[in-house]
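# Observations on the three-dimensional arrangement
As a plain string of letters, each chain reads:
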Amino acid sequence: MIKLSGKYILKFLQNHYEFVQDAFNYSKPDFIIDSNILEKLIEEYNISNDPKISVTKLIDVKFCRQLPTKDFKINRSYADFLQFLFDDFTLDLPQTLKERYKTIFELFTALKTEPKASKTIVLIQNIINIIDVFLNDIHRQTQRLLSDTESLKVNADEYSDLSKRLEKAVFWIDEYIEPLNKILEKGHPESFYSALVEIQKYTSEKQYIADSFKLKREYNKLYGSVVYARAELDQNLQKLTRELRPLLDRIKSDSIILSGFYHFVENVDYPENYIVPIPSPIKKTKGSAIFKEFYSEAEFFVDQFNYKTSAVYYEEQVEELEWLPDSTYFKEQLLKEDKVEDFYLWCFDALKKHTDEITLSKYFSLTNLLLEEDLIAEYKTDERITIDLKDASIKIPKVRVYERVSN
Amino acid sequence: MREYPIEHNKIVSELLDGKFIISPSPLFYTIQELEDDYTEFFIKSFNYKLNLEAEFIYLSSDEVNEKRTRDFTLFLAILSRELDYSGKNFRDKIELGSFDINETEELLRQSSKWEILEKTTVSEFDKFIKTWRSKNLIEIDGNKFKFTKAVKLFFTFAMEIAEEKLKEKTNEEKATA
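Treat the numbers as computed from the prediction; the structure is a model and nothing was measured. (Residues numbered from 1 in each chain as written. Chains lettered and ligands numbered in written order. Predicted model: local features only at pLDDT ≥ 70, side-chain atom pairs only at ≥ 80, totals over all residues. Heavy atoms only, no water.)

## A closer look at the overall build of chain B
Let me state the cut-off plainly: Helix and strand definitions follow DSSP, with helices as H or I runs of at least four residues and strands as E runs of at least two, each counted in order from the N terminus. Burial classes follow relative accessibility: with a 1.4 Å probe on protein chains only, a residue under 20% of its type's maximum area counts as buried, one over 50% as exposed, and anything between as partly exposed. Any two residues having at least one pair of non-hydrogen atoms within 4.5 Å are treated as being in contact. Using a 1.4 Å probe, the Shrake-Rupley method yields the accessible areas, and only the shown protein chains count as cover for residues.
Each helix and strand counted, chain B has nine helices and six strands in total. Expressed as a percentage of the 177 residues in chain B, the buried residues total 52%. Once local pairs closer than 6 in sequence are excluded, the contacts in chain B between residues at least 24 apart make up 60%. In the form shown here, chain B has an accessible surface area of approximately 8900 Å², with 47% of it arising from carbon and sulfur atoms.

## Re the packing of helix α4 (residues 67–85) of chain B against helix α9 (residues 152–176) of chain B
Residues and elements named next belong to chain B. Quick note on the threshold: Between N-to-C directions, angles cover 0 to 180 degrees, with each direction set by a line fitted to C-alpha atoms, over the stretch in contact for helices. In these notes the angle categories are as follows: under 35 degrees is roughly parallel, over 145 is roughly antiparallel, 65 to 115 is roughly perpendicular, and the rest is oblique. Gly is put with the polar residues, along with every residue not named as nonpolar or charged; the nonpolar set is Ala, Val, Leu, Ile, Met, Phe, Trp, Tyr, Cys and Pro, and the charged set is Asp, Glu, Lys and Arg.
Contact geometry of α4 with α9 gives a least axis separation of 11 Å together with a crossing angle of 80°. Classified by the interaxial angle, the pair formed by α4 and α9 is roughly perpendicular. Contacts between α4 and α9 involve Thr69, Phe72, Thr73, Leu76 and Ser80 from the first element and Phe154, Phe155 and Phe157 from the second. For the contact of α4 with α9, the per-class residue count stands at five nonpolar, three polar and no charged.

## Thoughts on the sheet that holds strand β1 (residues 21–22) of chain B
All names here are of chain B. Keep this limit in mind: We call two strands paired when DSSP finds no fewer than two bridges between them.
Taken together, three strands build an open sheet; the order of strands is β1-β3-β2 and the sheet is antiparallel. This sheet does not close on itself; its edge strands, each paired only once, are β1 and β2 (49–52). As judged from the four bridges shared by β2 and strand β3 (residues 56–60), these two strands associate in the antiparallel manner. Across the sheet, residue Asn51 finds its bridge partner in β3, namely Tyr58. The sheet strands contacting helix α1 (residues 8–16) are β1, β2 and β3, and the helix crosses β3 at an angle near 60°.

## Considering the pairing of strand β6 (residues 144–147) of chain B
Residues and elements named next belong to chain B. Alignment of strand β4 (residues 99–100) against β6, held across two bridges, turns out to be antiparallel. Pairing of Asp100 across the sheet is with Lys144, part of β6. Bridge count between strand β5 (residues 138–141) and β6: four bridges; the pairing is antiparallel. What sits directly across from Asp141, in β6, is Lys144. The loop that links β5 with its antiparallel partner β6 comprises two residues; one of these, Gly142, has a positive phi angle of about 60°.

## Some details on the nonpolar core
We count it as follows: Remark: nonpolar core denotes a set of buried residues (Ala, Val, Leu, Ile, Met, Phe, Trp, Tyr, Cys) joined through side-chain atoms within 4.5 Å.
Counting 45 residues, the largest nonpolar core has Leu111(A), Leu184(A), Phe192(A) and Leu222(A) as its most contacted members. Mapped by element, the contributors of at least two residues to this core are α6 (94–113), α7 (117–153), α8 (162–184), α9 (192–209) and α10 (213–266) of chain A. The greatest single-element share of this core, amounting to 13 residues, is contributed by α7(A). Beyond its immediate stretch of four places on either side in the chain, Leu111(A) contacts Thr120(A), Leu123(A), Ile124(A), Ile127(A), Tyr202(A), Tyr219(A) and Leu222(A). Counting residues in each nonpolar core, the second largest holds 44 residues, with Phe264(A), Leu76(B), Val122(B) and Val151(B) among its members.

## Some remarks on the interface of chain A and chain B
The condition that has to hold: By buried area we mean how much accessible surface two parts lose on assembly, using a 1.4 Å probe and totalling the loss over both. Criterion for a salt bridge: a side-chain nitrogen of Lys or Arg within 4 Å of a carboxyl oxygen of Asp or Glu. As used in this structure description, the phrase polar contact means that two N or O atoms lie within 3.5 Å; if the pair is within protein, one of them must be able to donate a hydrogen and the other to accept it, and residues adjacent in sequence are counted only when both atoms belong to side chains.
Counting residues at the interface gives 51 residues for chain A and 67 residues for chain B. Per-residue buried area on chain A facing chain B is highest for Phe261(A), Pro281(A) and Ile282(A); these three make up 14% of the total on that side. The shortest N-O distance in the salt bridge between Lys113(B) and Glu266(A) comes to 3.1 Å. Connecting chain A to chain B are six residue pairs in polar contact (both at pLDDT 80 or more). Mapped by element, the contributors of at least two residues to the side of chain A that touches chain B are α8, α10 and α14 (360–367) of chain A. With 13 residues, the top contributor of residues to the side of chain A that touches chain B is α10(A). In terms of residue class, the side of chain A that touches chain B is made up of 26 nonpolar, twelve polar and 13 charged.

## So, the packing of aromatic side chains
Selection criterion: Stacked, tilted and edge-to-face are the three classes applied to pairs of Phe, Tyr and Trp rings, where Trp contributes its six-membered ring and a pair requires centres within 6.5 Å; stacked means planes under 30 degrees apart, edge-to-face means over 60, and tilted covers the rest. Consider the ring centre and the ring normal. A charge sits over the ring if Lys NZ or Arg CZ is within 6 Å of that centre and within 35 degrees of that normal.
Using the criterion set out here, one finds 38 aromatic pairs over all chains in the structure. When the centroid spacing of 5.6 Å and the interplanar angle of 80° are considered together, the rings of Phe264(A) and Phe157(B) count as edge-to-face. On the criterion of chain membership, the pair formed by Phe264(A) in helix α10 and Phe157(B) in helix α9 is interchain, its members lying in two chains. The exposure classification of Phe264(A) matches that of Phe157(B), with both residues buried. Between Phe90(B) and Phe155(B) the ring centres are 6.1 Å apart and the planes differ by 85°, which places this aromatic pair in the edge-to-face class. Residue Phe90(B) is found in helix α5 (residues 90–96), and its partner Phe155(B) is found in helix α9; the two are separated by 65 residues along the sequence. Just as Phe90(B) is buried, Phe155(B) falls in that class too. Ring pairing ties together the aromatic residues Phe72(B), Phe75(B), Phe99(B), Phe125(B), Phe128(B), Trp132(B), Phe145(B), Phe147(B) and Phe154(B), which thus form one cluster. The side chain of Lys93(B) reaches across the aromatic face of Phe99(B), ending 4.8 Å from its centre.

This is the structure we're talking about:
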């Protein structure tokens, strides 16, 4: 073959899809693959596949080239396309992204002062390209972080070690989320977002007052790209700040709690190793309010008459038996209603039919029905109403409840 | 003689019973308003410290060596671990969900850490749960129980341990560097 055609490359990818995917996976994250591994992959693949594959063929279709170290490097164009194809992106450090978007400022400054129409057009096309590449980068990063965070959250095997999970969450927050937020920060004059706002302002005017029709058209294209980019960025920012950040913070603090508990359980017989004193709520204290000094003096006095060996009495806690509503009965009543528009008020009215003394614990033991899996709760408004119970006044939202229709 | 709030008697007897007072109980807000007065009252009368947290209040004393508190912390630690291992979000479940008493006991008994728990008051699970209900750390409803907001005290304890351990580790790393 003298000249490589696009169709030939696509055919190669289609015919050897599984092989390409394996090679891609082994080469991540730098897209460099050990020559022994590549040869082994080829050998295994050739056992059960036809047409066969060879290193020469891979080099012919420019899939990879050999480095002086004998390793093989996957061609950048393939690597980019395959990341898109397998929806599996590598993470770039935000510093790298930052350097990349800084060129937008430089090109934009040049554009504003460029007198020649032909050069202006080239500058505009370059800015459009860079915005596009940058948007693609941000999208890739967000997707990658989201899927990795999800796997952290569901305790994938590789993160079963708590300290690893914690380390990962802290690393992502410090190295990716925070710097990415800064790059995209709306109020910051040097952020990518501000660059977009500036360009939008400039081009919204230029697309009408530029000297020629061709220039107007180019400015119009840039304007369109910028408006689209802002909307895209808003969506990504939302994912970063509203989904990823809280999720990672949560993983971080949950892992901290679990590792603290771990140390506690491991050292349970050696309180000096807890480092932090264990909470010390008091035991039940009965008696009158007296000064501590008086107590110790009295104890000393009484002790003089105490010739018997001391006996230890353990006082058993006497449980107060508070009547609590039978949740099964009330659940049946609730289900009979078909749909309840104001769940908390319904609980209050239902209890009222049985007792005038509605305490917080009675009320809560009934409102717990909301946690039942076969009930669906819908919060409609932010409106709150106050309900006066025997021992508390509480503000409660309006919640609609109905039975889940089972599949 | 100063004036006491109407709930004074109830506040003092509940706190001296070792109970947590939890918002939105009216007692909670009364103590919150009179924080300085009550802090002084409890320290001078009993040498107890009044701890006013965001959502609960309790008395503590450095002189108390309460094994049952240690047992409760163990119980919570191992329950959190088991929930996490089974892929559940342990904090949501503990702070918001409810637990079946028998199923929870079974879950703990199957844990590899049961050998620690069985030597503590947790081994008599029904009694253990009832004891902590009387302190307002747990609410019971039929055969289910749930934790009150006071459980956060023990999460804070765990976080403090972990942070101290992290500091220790960082210092060690600095020393060896």
